[in-house]
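Fold and contact review
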Amino acid sequence: MESMLKNKKTILSFVLPGLIVYILIVIIPIFNTIYHSAFKWNILGSKNFIGLENFVNLFTRDKIFIKSMKNTFLLMISSLVVQTPLAILLAVALSGKIKFKRYYKTVFFMPNIIASVAIGLLWTFIYNPEFGIINRFLEAVGLKSLTRLWLADVKTVMPSIIVVICWQFIGYHMILYLAAVENIPKDLREAALIDGVNSVKMLWYITLPLIKYMIGIDVVLMATGSLRFFDLIYVMTNGGPNHASEVIASYMYYKSFRDYQYGYGSAVSVVLLALCLVIAYILQRLFRSEKLEY
Amino acid sequence: MKKIALLLLCACFFAASVLAGCTPTPGFQGTGGTGGTGGSEPATGKEAVNLKIEAWGIETDPNSVIIKEAVELYNQRNDNAKLTIEFTEQEQYKTKIATLMAANEAPDLFNTWAAGFLKPFVTAGKVYSISEDLDKDPEWKNRFVPGIFAGFTYDGKIYASPNTQTVVCLFYNKEIFDKYNLKVPETYEELKNVIKVLNDNGVIPIALGNKAPWVGAMLSEIIANRIGGSEPFNKVYSKTGTWLDPSFIRAGEIMYELAQMNAFPEGFNALDNDPSREMFLEGKAAMHIMGSWAIQQLTYEGSPLIGKLDVAKFPAIEGGKGDINNWLGQPDQSFAISTRCKDKEAAVKFLKLMSDPEIQLKFAEAGNLIATTAQLDPAKANPVATKVAELQKDMKELFIFYDVALGAAVGNEYNNAIQAITAGTDPEEAFTTLQEFTEQNLE
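My aim in this report is to walk through the structure given alongside it, one point at a time. Quick caveat, the model's predicted, so the values are computed rather than measured.

**Let's talk about helix α3 (residues 62-77) of chain B**
Working note: α-helix, 3.6 residues per turn, so residues spaced by three or four point in the same direction. Residues and elements named next belong to chain B. When the terminal C-alpha atoms of α3 are compared, their 23 Å separation across 16 residues agrees well with the 22 Å that a helix rising 1.5 Å per residue should span. Taken residue by residue, α3 has Asn63, Ser64, Ile66, Ile67, Ala70, Val71, Leu73, Tyr74 and Asn75 as its buried positions. Buried residues in α3 make contact with β1 (49-56), β2 (81-88), α14 (294-298), β13 (334-338), α15 (344-354) and α16 (357-365).

**Brief notes about the interface of chain B and chain A**
Accessible area lost on assembly of the parts is the figure often given for the size of an interface. Opposite the 37 residues of chain B that make contact, chain A presents 32 residues. Around 2,900 Å² of area is buried between chain B and chain A when both sides are counted, 61% of it from carbon and sulfur atoms. Remark: the boundary between chain B and chain A carries one salt bridge. Its salt-bridge partner being Glu436 of chain B, residue Lys63 of chain A comes within 3.2 Å of it at the nearest N-O pair. Scanning the region where chain B abuts chain A turns up seven residue pairs in polar contact (both at pLDDT 80 or more). Listing elements by their share of the side of chain B that touches chain A, those giving two or more residues are α1 (2-22), α4 (90-102), α5 (119-123), α19 (408-422) and α20 (427-441) of chain B. The element best represented in the side of chain B that touches chain A is α19 of chain B, accounting for eight residues. Here the residues of the side of chain B that touches chain A are counted per class, giving 20 nonpolar, nine polar and eight charged.

**Things to note about the packing of helix α13 (residues 248-258) of chain A against helix α14 (residues 262-286) of chain A**
Residue and element names in this part refer to chain A. α14 packs onto α13 with a crossing angle of 160 degrees between their chain directions and a minimal axis gap of 7 Å. In terms of orientation, α13 lies roughly antiparallel with respect to α14. Of the two possible hands of crossing, α13 and α14 adopt the one that is left-handed. Across the interface between the two elements, Ile248, Ala249, Tyr251, Met252, Lys255, Ser256 and Phe257 of α13 pack against Tyr262, Tyr264, Gly265, Val268, Ser269, Leu272 and Leu275 of α14. A per-class count over the contact of α13 with α14 returns ten nonpolar, three polar and one charged.

**Regarding a nonpolar patch on the surface**
Residues and elements named next belong to chain A. On the surface, Leu5, Ile11, Leu12, Phe14, Val15, Leu16, Leu19, Ile20, Tyr22, Ile23, Leu24 and Ile28 cluster together to form a nonpolar patch covering roughly 1,100 Å² of accessible area. Per element, the largest residue contribution to the nonpolar patch is eleven residues, and it comes from helix α2 (residues 8-36). Among the structural elements, Leu24 can be located in helix α2. Exposure remark for Leu24: the relative accessible area of 52% places this residue in the exposed category.

**Overview of unusual backbone geometry**
With a phi close to 45 degrees, Asn242 of chain A is a non-glycine residue in the positive phi region. Take Asn242 of chain A: it is sitting in the loop between α12 (231-236) and α13. With a phi close to 60 degrees, Asn181 of chain B is a non-glycine residue in the positive phi region. Within the secondary structure, Asn181 of chain B sits in the loop between α8 (174-179) and α9 (188-200). By relative accessible area, Asn181 of chain B is classed as exposed at 73%.

Scoring rules and cut-offs
Residues numbered from 1 in each chain as written. Chains lettered and ligands numbered in written order. Predicted model: local features only at pLDDT ≥ 70, side-chain atom pairs only at ≥ 80, totals over all residues. Heavy atoms only, no water. Helix = DSSP H or I, 4+ residues; strand = E, 2+ residues; numbered from the N terminus. Expected span 1.5 Å × (residues − 1). Buried < 20%, exposed > 50% of the residue type's maximum accessible area, 1.4 Å probe, protein only. Contact = heavy atoms within 4.5 Å. Buried area = accessible area lost by both parts, 1.4 Å probe. Salt bridge = Lys/Arg side-chain N within 4 Å of Asp/Glu carboxyl O. Polar contact = N/O pair within 3.5 Å; in protein donor to acceptor, adjacent residues only side chain to side chain. Nonpolar A, V, L, I, M, F, W, Y, C, P; charged D, E, K, R; others polar. Axes fitted to C-alpha atoms, helices over the stretch in contact; angles between N-to-C directions. Parallel < 35°, antiparallel > 145°, perpendicular 65-115°, else oblique. Left-handed = near helix turned anticlockwise from the far one by under 90°. Patch = residues over 30% accessible without salt bridge, like charges linked within 9 Å, V, L, I, M, F, W, Y side chains within 5 Å. Areas by Shrake-Rupley, 256 points an atom, 1.4 Å probe, with all protein chains shown as cover.

Given below as structure tokens:
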């Protein structure tokens, strides 16, 4: 067995089928998209080569694209700022000795196993200005002045969506951190306890440094995930009202499949690809940590 | 670490499967049509040609049922061609047909809208012109209402044949109007007065659900036309004028004014069109401004509005140039033949059947305004549709929906701009942005 796995041909025969599929449906379309981004093309007529004009237009003239960039970054940063600390705190709390541990784990992880479309619909009802639970609650407790149109108001739509996204994904990140926290050897904690460390110091000096590698992985996952975020926005607002909740991925869809500006849509997706790569690289550099040996 | 690697791998596969779902699958759609081996030969042989029709709508819609009946009738009467039809929900249909066209898998016949929707397909040479067939058969051509082909004419050639017409009407609930002693408004000032009285009595004045922004955009288009006539828009269309024309800006101001005086339901920008229609149906709202397709949805058997529903022309606006007899609308339920069609003669025959009085009268009975001059037995006609037809007798001009005329890109942005204005954006600012967008994107 060992020797068989060392044989290069054997390795190749195992890897090849998957690799071919991967190249056909991921790698080639990526290059195809980069190629199309240099054309003015409505999928139907002839392709006109315009070089980098699509990109120039994107950054200099297209206010909606700039808006969608801002929203994407807002989404990414708020995900990082809100979800990372909360997920770590939940993980630390759940790793301790508490009652109903499994129950809490399941509850926090639950939103992650519901389909995004269902979540989108669910929260669309919650935010509904007429019969949604939020506005009804505010009215019931005499805070009618705080009721909003939520998803239909330019000012509240992004925060409203961000709340849903955090709710959906926090359990997932919590599970990642929980695994890391539970990997920390017991003796380290015990030694610290004997030294009289309180729980805040324990978190800061023991737990956090030892799960730093996981924070690095998770931040990259979270950042790239929120950069190409699409489904909830498509279901809840379709980028509206008046593009106020447009993100790069939804704008790409809008341009390609609603406006039939396929070349332009390709340019948007190339920018998205570049952003994902650059940001993933930067974050990985930031969180580079030495290997842990216990 | 291994877990993470596995996770990432799963994510890759997931992403890959999503991407694969997006790419058109060549050959798949075509198999239905090319099933007959004699496909490419004209219909002289013994074997029947299979023709595929793509249509928008839901199969159980009254109009879809009529179209399906027409297809069955056609199949009974013709041995040399067999039609099959497939329905797709309206928004998805737009994407589907564009994808099919792009993949060179266009169906033999397809449902189309006028002007900006059909234009890219015509320019790309995907659509067969029926001009010659119309000229060859004057009886067919003369069935149609005059001027109806304007939206399907590109470079002097006609590319599709419509079966119904849609116009935007002011529907109102007679019972509510009588209860508060209100008269149908004929001017904007009177309309504002009606709105005030209704609001004072706790009735929603106009049921308008503007979540999908085309709904409010329709209203703004009528208002703009009442103020400035059709010229400002025609100038935008031909790129000789801009959205900064005072009539558009004033129309924007009026939209905002209406929103501010609570003419629309609370939170109307978050309200879908269907629930807004429910408000009108249930008598919670007194007026509804909607295309004539709503007649079917408002006068179905058992509808609470039967006997109470009436319809009027949208009021004039003081000092405006536009005639009260200009109607916003479009030719509708139109079909075009693709250049890929295997048997154009058989396809044209289907278009002729659709515009034949026997099918046209079914459309009329279902509450449509028809595209031909077929005469309907007054007893069978839908009274509201008859009233619309009567009002339309003085029609000066049918101006087409902006988002249809301008095509998807600019049309959607216009709708968005109006929605933004009703939510508080300054009209001048909104139209300046729209103008910039139009200059970049109008073909």
